[in-house]
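Residue strings, one per chain:
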Amino acid sequence: MFAKAFRVKSNTAIKGSDRRKLRADVTAAFPSIGTDQASELVPGKEELNVVKLYAHKGDAVTVYVSGGNPILFELEKNLYPTVYTLWSYPDLLPTFTTWPPVLEKLAGGADLMLPGLVVPPAGLPPVQKGDLCAIALVGNRAPVAVGVAAMSTAEMLTSGLRGRGFSVLHTYQDHLWKSGDRSSPPSIAPLAVSPPDLSEEKGCVLVDPGLHEDMRHLHLKGVDEENGEVLQLRGEKALSEASEDTSVGVLNQDSAGSKALHEQMDELLQRCFLHALKSRVRKADLPLLTSTFLGSHMFSCCPEGQQLDIKKSSYKKLSKFLQHMQQEQIIQVKELSKGVESIVAVDWKHPRITSFITPEPSLASQPIQEGSREQPYHPPDIRSLYCVPAGMTLLFQESGHKKGSFLEGSEVRTIIINYAKNNDLVDADNKNLVKLDPVLCDCILEKNEKHTVLKLPWDSLLTRCLEKLQPAYQVTFPGQEPIVKKGKICPIDIILAQRASNKKVTIVRNLEAYGLDPCSVAAILQQRCQASTTVTPAPGAKDSLQVQIQGNQVHHLSQLLLDEYQLPRKHIQGLEKAPKPGKKK
C-alpha cells in the first residue's frame, strides 16, 4: 500500500476527546495490549498528530504520528500498527517468519506467498482468514511487515503451504516507514521453544514430513502489485543465502539479542560519549552547551548503521545521562544560565577516557547515516540568469537571441558592448559615453526620457539593460542536466513561530528546491535536537512540504545546512533567529 509515495491531505494535532477514543480503539483492536501499554502507545500529554493522506492507488488512510514516527494507521475503519509500534510491542500480533531475501520483494509491493514461510518447531501461529498478522525474518523477532491472512492456519497446512498467504499492507523500508525517523529493526531474539519430539512413538508430527522435503526446493514468490508480474527467487539459492543470515543472527543472539534494548542503547550512548570526549572535544571548546555536545559531537561518533536515541536508553534524557557521567567524575556540568546546562570541565586523564580505543574510520561510512539518505548530499550549482522579454528582442536579435532566451550577466554585457561598437554608438569625444539609437531608446529609457536623454555612461547603460531583463536562474545537481527556470530561486526559509501553548517551533520551507528531502532532514534533526519533528504540506505552495521542529533549533539547522551541506548562506533566510548564547530556547 505504501510502496510508492503518498499525498498528504492534512496534518493536525489530535483533540483530547479523539485521543481518548483512539486509546479505547487500540484496546479494542488489540486485546493482548493492556491499559498501561495502550496509554504508553497513545500518550496523554505528548504531541500526537492525525495525518490524512491518499495512498498512490487512491486509498484514503488516516495515520497517527507520535514523536515524529507513525505509530498506527486506519484504513476503512480498521486500525493497524506500524513497524515502529511492533518493534516496541513485538507480541502484539501473531507473527509468521520468512527468509531475509523476501523482504525486498515485500517492500516493493509484493504479497507473501506461503512457500516463503518458515515453519518453526512449535508450528505456525493459529490464525483465521482476515486476521491481522506480523511478518518477521529468520533470526530476529522484530516484525518487518504487517499483513492480513488470506486463509486460516489450518487451510495453509492443508494446501501444503502453496498459494497466497498474506496480503501485505505496510513494510519496513516503505514510504510510511520513511515518513518516520527511518530507524532499523532492533535485534529481538526469537522465543526459546523446545523442539517437539517427531518420533513415531510420540506421534507428535505438526507438519507432514514430506512438506519439509518439498520446502528444500521451494520458490519464494511474490506478485508485483503494479503489473501482476510474478517475482521469484529460486529456493535453493534463497535458502543458502538465508542460512548464512540465520547463522549470523544466531551468533548475535548470545551477544546483542539476549540483552534488553535499553542496555544496548546504554552501551552505544556511553561509547559515543567517550569517543566524542577523546577525539572531538578540546579544552578550548569549554564551556560547551550539552545540546551542542550531543548534536555536533556525540551523533557524529555513532557507528555506521546504528542510530543513537536517548529516549530508548534507560536514562531517557540527556541531562540524566550526563549527571551519571558527572557522578563518575568524568565531566562537570553546570547551569550557567537558567535552564541551559553546559559541560564546564572534563577529566581527560580519567581511566575510562584513556582506556577507550577510538575506532578506525570506515571507508564505507562516507554516506550520511543509514536511514537519512542513500548517497551523500552535494549542493547544487546555482547561477543567476536573465531572460529576454518581448520588449528587448530588437536589441538582442543581432546576436542571434530571441524572446525567451536565457543569458548570463557576462553574456549580456558582451552583447551590449558589441551592439554599441558595431553600430558606431561610442561617443567619439568621450569613450565612456554611449549614444542612444532608436532601439536602445525603446528598450531601456522611460517615456519621459526619450527626448531628453541622448547619451549614457557604460555602467548606467548596462545597469538599465539588466534591470529591463527578466530574472531567471539555473540549478545543476551533480550528474544531472541543468534546470532553468524564470524568476528568482526561493531561499530556504527558516521561520520561528510561537504556538498557543506558548511553545516555540522552528519551521523550514523550500528544501526541495535545493535537492533536499524534507523527510530525511526531519529525521536528522529529530536525532540531533532530540525534539519532535513533523512534515506537513507547506501552506500556499503546491507539492511542497515543510519541516516543523519543537523549540528554537535554528542553530542546529545552521550547522546542518551551512557546515555539512555546504549551501551558500545567501540562499538561506532566517539564520539570524538562532538563540543567543545563554538564552533559553
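All values derive from a computational prediction rather than experimental measurement.

Side note on the sheet that holds strand E24 (residues 504-509)
- One open sheet holds the 5 strands; their spatial order is E25-E26-E24-E23-E27, and the pairing between them is mixed. Since the sheet does not close on itself, it has two edges, and those belong to strand E25 (533-537) and strand E27 (572-573), each with one partner.
- Where strand E23 (residues 492-498) and E27 come together, 2 bridges link them in parallel fashion. Across the sheet, residue aspartate 493 finds its bridge partner in E27, namely glutamine 573.
- The strands touched by helix H17 (residues 518-529) within the sheet are E25 and strand E26 (545-550), with E25 carrying the most contacts at an inclination of about 160°.
- Set on the sheet, helix H18 (residues 554-564) makes contact with E23, E24 and E27; between it and E23 the angle comes to about 170°.

A closer look at the confidence of the model for the protein
- When pLDDT is averaged across the protein, the result is 81; 84% of the residues are at 70 or more.
- This model gives residues 362-374 a pLDDT under 50, and the stretch forms 29 contacts once residues within four places in sequence are excluded.

Section: the side chain of threonine 534
- By secondary structure assignment, the location of threonine 534 is in strand E25.
- Beyond its immediate stretch of four places on either side in the chain, threonine 534 contacts Asn11, Glu47, Asn49, Gln546, Val547 and Gln548.

Focus on empty space enclosed by the protein
- Here the structure, examined in full by the defined rule, presents 3 cavities of 30 Å³ or more.
- Considering only enclosed or pocket space, the largest cavity measures out at about 70 Å³ in volume.
- The wall of the largest cavity is formed by 13 residues, among which Met1, Leu106, Gly109, Val168 and Thr171 lie closest to the centre.
- Top element by residues in the lining of the largest cavity is strand E11 (residues 164-171). It accounts for 4 residues.
- A per-class count over the lining of the largest cavity returns 8 nonpolar, 3 polar and 2 charged.

Describing the packing of aromatic side chains
- Counted by the stated rule, this structure contains 10 aromatic pairs.
- Aromatic pair phenylalanine 73 and tyrosine 80: ring centres 5.2 Å apart, planes at 20°, arrangement stacked.
- Look at tyrosine 172 and tryptophan 177: their rings are 5.0 Å apart centre to centre, the planes differ by 80°, and that puts the pair in the edge-to-face class.
- Here tryptophan 177 falls in the buried class, since its relative accessible area comes to 7%.

Each value, and the rule that gives it
- Residues numbered from 1 in each chain as written.
- Predicted model: local features only at pLDDT ≥ 70, side-chain atom pairs only at ≥ 80, totals over all residues.
- Heavy atoms only, no water.
- Pairing = 2+ DSSP bridges.
- Helix = DSSP H or I, 4+ residues; strand = E, 2+ residues; numbered from the N terminus.
- Contact = heavy atoms within 4.5 Å.
- Axes fitted to C-alpha atoms, helices over the stretch in contact; angles between N-to-C directions.
- pLDDT = per-residue confidence, 0-100.
- 1 Å grid on protein atoms, 1.4 Å probe; cavity = no way out; pocket = protein on both sides within 12 Å on 5 of 7 lines; lining within 4 Å.
- Points joined across faces, edges and corners; volume = space filled by probe spheres on them.
- Nonpolar A, V, L, I, M, F, W, Y, C, P; charged D, E, K, R; others polar.
- Phe/Tyr/Trp six-rings, centres within 6.5 Å; stacked < 30°, edge-to-face > 60°.
- Buried < 20%, exposed > 50% of the residue type's maximum accessible area, 1.4 Å probe, protein only.

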